[in-house]
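# Results of the structural survey
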Amino acid sequence: MLSEEIIRALVIERQHIHKPWPGDLPALIRHLGALQLDAIQVITRAHHHQLYNRLPRYRESQLQTAERRREIFEYWSHAAAYLPMERYRYARVRMDRVREGQRHWFEKNAKLCRHVLDRVRAEGALKASDFVKGKGGWWEWSDEKKALEQLFHEGELMVSHRDGFQKVFDLPERLLPSHIATDTASDADYGRHLVRTFLRCQGVGRPEEIAYLRRHDKPLVKRAVDAMLKSGELMPLGRELILAEDGRPMPARPARRARLLSPFDPLVLQRKRLKRLFDFDYQLECYLPAHKRRYGYFCLPILYGDKFAGVADLKADREAGLLRIKSLHWKADPGAALKASFTRALAGFARFHGLEAQAL
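Residues numbered from 1 in each chain as written. Predicted model: local features only at pLDDT ≥ 70, side-chain atom pairs only at ≥ 80, totals over all residues. Heavy atoms only, no water.

## Here's the deal with the sheet that holds strand S1 (residues 35–36)
Note the following rule: One requirement defines pairing of two strands: DSSP has to find at least two bridges between them. Put simply, DSSP marks the helices as runs of H or I at least four residues long and the strands as runs of E at least two long, and each gets a number from the N terminus on. Here, residues are in contact when the closest pair of their heavy atoms is within 4.5 Å. Axis lines are fitted to C-alpha atoms, over the contacting stretch for helices. Their N-to-C directions set the angle, which ranges from 0 to 180 degrees.
Taking strand neighbours across the sheet as the criterion, the 3 strands line up as S1-S3-S2 in an open arrangement whose pairing is antiparallel. Two strands in the sheet have a free side with no partner beyond their single neighbour: S1 and strand S2 (72–76). Across the sheet, helix H2 (residues 25–32) touches S1, S2 and strand S3 (80–84), and the angle it forms with S3 is around 110°.

Written out as structure tokens, the structure reads:
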């Protein structure tokens, strides 16, 4: 058995929150398994925030460069995400399922999909606005936009890049590097991949956490866990699972400094796991009606050492050049050291966005 303190330290060490990632951006995404995207831009988009917390001197152009070099690609993991290009064959599992009838968000219009695909094939990379000029919102997609998304989820189209935040679609054969394997991973290989990827970047976990938001993958994860336990590739530590190669880990004590995390950061994404390991009850409240919010619209968790100290509701005020603090909530009365560390973290976070931090 590992103590709760060692488990927390191991998870934080593997997430490279306090200890920066030593390699480049594509290698970091390989380690994390996926870099979740999100459209909310109260401060910055979620993927940039996650990279800022792990890569020294990160700049947004680095992500665009990695995509342009085809070192990463956009697809679906547990949610919309950037994935390592060399793991394209694992994405094929879901692509094949959708092509064979697994529904994503809406019914397929096969005739319109053929029309859209023919246009991309003939004209080159296109985005939804190249088909229909309209003012539809997020949930008011045009039929052509739905067709593009259907083809994307089937793997018939890939995202070349984004224009603003609009996806630009093209044929896979025009985007995939020649050395990338395009065959579909077997179910056994895919299940093992999910288990190993999760435990490499999270340290420890349980089957239900490995299969988080992967309803169709749960049986594959269960079978992979059973096989890996039998072969000795996995070790049980109480209810936790750990890769046998990790043995009895002795992670370094987490640095006692404050870090502001994205609500979509892989360290906090699974709220039940967060509560179980860190005794931190957190919810992103932007999806709640205003009268039901306890702390604010877009609260960021505050990590201090190996504990979560509170949440800060922040907003970028571009006109004033300020990162504004709408509210600040501590789990317990913070001491001088935590306050000073939080002030430094806030100032650095503001500078990353070209802003000044509002005075506390």
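Moving on from the coordinates now.
## Regarding the pattern of salt bridges
Two side chains that carry opposite charge are able to pair once their charged atoms sit near each other. Short version of the rule: Only one rule defines a salt bridge in this text: a Lys or Arg side-chain nitrogen within 4 Å of an Asp or Glu carboxyl oxygen. Think of it in three bands: with a 1.4 Å probe and only protein chains considered, a residue is buried below 20% of the maximum accessible area for its type, exposed above 50%, and partly exposed in between.
Applying the stated criterion to the full structure yields 33 salt bridges. Arg 253 is the partner of Glu 5 in a salt bridge, and the nearest nitrogen-oxygen pair spans 3.5 Å. You can see Glu 5 sitting in helix H1 (residues 4–15) and its partner Arg 253 sitting in the loop between strand S7 (240–243) and strand S8 (258–260), a full 248 residues away along the chain. The class for Glu 5 is partly exposed, based on a relative accessible area of 44%. The shortest N-O distance in the salt bridge between Glu 149 and Lys 145 comes to 2.8 Å. You can see Glu 149 and its partner Lys 145 sitting in helix H7 (residues 143–154), 4 residues apart, about one turn around the helix.

## Looking at the packing of helix H6 (residues 110–123) against H7
Heads up, the rule is: Oblique is the label for every angle not falling under 35 degrees (roughly parallel), over 145 degrees (roughly antiparallel), or within 65 to 115 degrees (roughly perpendicular).
Two elements in contact, H6 and H7, have axes separated by 9 Å at closest approach and are oriented at 80°. Accordingly, the angle class assigned to the pair H6 and H7 is roughly perpendicular. In contact with Leu 112, Cys 113, Val 116 and Leu 117 of H6, H7 contributes Asp 143, Glu 144, Ala 147, Leu 148, Gln 150 and Leu 151.

## Structural notes on the nonpolar core
As a reminder of what qualifies: Put simply, buried Ala, Val, Leu, Ile, Met, Phe, Trp, Tyr and Cys residues joined by side-chain atoms within 4.5 Å make one nonpolar core. All the domain ranges listed were derived from an automatic or database domain assignment.
The biggest cluster of nonpolar side chains holds 47 residues, and the ones touching the most others in it are Leu 260, Leu 267, Phe 278, Phe 308 and Leu 314. Broken down by secondary-structure element, the contributors of at least two residues to this core are H1, S8, helix H12 (271–278), strand S9 (299–304), strand S10 (307–317), strand S11 (322–330) and helix H13 (336–352). Shared between two domains, this core takes at least three residues from each, and those domains are domain 1 (187–246) and domain 2 (258–357). If near-sequence neighbours (up to four positions away) are discounted, Leu 314 is found in contact with Val 42, Ile 43, Leu 260, Phe 298, Leu 300, Leu 323, Arg 324, Ile 325, Leu 346 and Phe 349.

## Concerning the domain arrangement of the chain
The condition is simple: Buried area is calculated as the accessible area (1.4 Å probe) missing from two parts once they are joined, with the contributions of both summed. Pairing of N or O atoms within 3.5 Å defines a polar contact, subject to two protein rules: one partner must be a possible hydrogen donor and the other a possible acceptor, and residues neighboring in sequence count only if both atoms are side-chain atoms. Gly counts as polar in this scheme, as do all residues outside two lists: the nonpolar Ala, Val, Leu, Ile, Met, Phe, Trp, Tyr, Cys and Pro, and the charged Asp, Glu, Lys and Arg.
Splitting the chain by domain gives domain 1 (187–246) and domain 2 (258–357). For domain 1 and domain 2, the distance between their C-alpha centroids amounts to 30 Å. The interface of domain 1 with domain 2 comprises 8 residues on the first partner and 6 residues on the second. For the pair domain 1 and domain 2, the summed buried area comes to about 670 Å², and 36% of that belongs to carbon and sulfur atoms. The largest contributions to the domain 1 side of the interface with domain 2 come from Gln 202, Glu 209 and Tyr 212, which together make up 69% of the buried area. Here domain 1 and domain 2 share 3 salt bridges between them. Here Arg 276 and Glu 209 are joined by a salt bridge, their closest N and O atoms 2.7 Å apart. Linking domain 1 with domain 2 are 7 residue pairs in polar contact (both at pLDDT 80 or more). Split into classes, the residues belonging to the side of domain 1 that touches domain 2 amount to 3 nonpolar, 2 polar and 3 charged.

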